[in-house]
Amino acid sequence: MNQFVLKEYPNAETGENVTNKYLDFLEKEYQSDLSKMLFATSLCSDDVNVSTDFRKVLARPFSMGGLGGLPYSGLTGMVAFAHHIPDGGDAFVFYGPHIGISDTGILGEMRRTGQRKLTNSCGALMLGLERLQQQNEVYVPINSELDYQQILLERTVMPYKQRIIEAQNPKKEITEVFYEEIHKKIQLLVKISKKEFSCKRIFLLGGIIINTSPEFNDMVDVRNFQVVNTNELEDKPFDISILETPAFKDL
């Protein structure tokens, strides 16, 4: 299975490796006390998104995401998260969309626990893609209180319609687009809520989760690993990438 994942995402690592690698780094290089670190996620609400072990190490995850992984909790959610961080602790946010891969290497599909058939992953993104691709009429997402998250998901990807449907692999491309949108929104929410954080540091880890069949390890393709110093947010742009530091490259 790994050969199919690595063909599409050459830098992907198992969820277990990502957990150990990044938390060990925060402990050693930043002397972060994991017992005082408050963990938040902006991941899809799909039950398959348990690929990392962050929840086993870091207590009480604060859930910001919904369908596709967009941070639907918005500014109110980010401020609430900021207010819940233990004294002397740090904030840690893990975010991004997910995509399945079948046993034969087909992206956008997966075999789930207890099932023989293949189902879509991310189901919400694949549904959005199907609606973007329909040719009999131009699809326009209509507001519905009964399907709010799916409608917002589709409105989010709509400006990228041509990029997505003309891509070599539209299923992969819509996932890439959604990562970019989640990343931008997390950055903006952190920035506009900066005064609400009593902690000195916010660690942000973003990437794409690749879901595999139950007997294989899910993978994570990390795209961003960054520290935001809350006392410098007004003076500096968000350009402090831990991925580029010598210490991280020597891992």
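The structure displayed is predicted, hence computed values, not measured ones.

Looking at this model, I keep getting lost on the state of the cysteines. Mind explaining?
In a disulfide, the sulfur atoms of two cysteines are held together by a covalent bond. What the rule picks out here adds up to 0 disulfides. Between cysteine 44, a cysteine without a disulfide, and cysteine 122, which holds the nearest cysteine sulfur, the sulfur-to-sulfur distance is 4.0 Å. Looking at cysteine 44, the relative accessible area reads 8%, which means it is buried.

Whenever I open this one, the packing of helix 5 (residues 123-133) against helix 6 (residues 148-157) confuses me. Can you help?
How two helices sit against one another is set out by the angle between their axes and by the gap between those axes. At their nearest, the axes of helix 5 and helix 6 sit 10 Å apart, and the two run at 55 degrees to each other. In terms of orientation, helix 5 and helix 6 fall into the oblique class. Judged by the twist between their axes, the crossing of helix 5 over helix 6 is right-handed. Residues Ala124, Leu125, Leu127, Gly128, Arg131 and Leu132 of helix 5 pack against Gln150, Leu153, Glu154 and Val157 of helix 6. A breakdown of the residues in the contact of helix 5 with helix 6 according to their chemical character gives 6 nonpolar, 2 polar and 2 charged.

Would you take a moment to explain the pattern of salt bridges for this structure?
Opposite charge on two side chains permits them to pair, given that their charged atoms come into close proximity. Within the structure shown, the criterion is met by 14 salt bridges. Measuring nitrogen to oxygen at the nearest pair gives 2.8 Å for the salt bridge that ties aspartate 90 to arginine 201. Note that aspartate 90 is positioned in the loop between helix 4 (74-83) and strand 4 (91-95) and arginine 201 in strand 8 (residues 201-211), a separation of 111 residues in sequence. Residue classification places aspartate 90 among the buried positions, given a relative accessible area of 6%. By relative accessible area, arginine 201 is classed as buried at 19%.

Here is what the cut-offs are and how they apply
- Residues numbered from 1 in each chain as written.
- Predicted model: local features only at pLDDT ≥ 70, side-chain atom pairs only at ≥ 80, totals over all residues.
- Heavy atoms only, no water.
- Disulfide = S-S within 2.5 Å.
- Buried < 20%, exposed > 50% of the residue type's maximum accessible area, 1.4 Å probe, protein only.
- Axes fitted to C-alpha atoms, helices over the stretch in contact; angles between N-to-C directions.
- Helix = DSSP H or I, 4+ residues; strand = E, 2+ residues; numbered from the N terminus.
- Parallel < 35°, antiparallel > 145°, perpendicular 65-115°, else oblique.
- Left-handed = near helix turned anticlockwise from the far one by under 90°.
- Contact = heavy atoms within 4.5 Å.
- Nonpolar A, V, L, I, M, F, W, Y, C, P; charged D, E, K, R; others polar.
- Salt bridge = Lys/Arg side-chain N within 4 Å of Asp/Glu carboxyl O.

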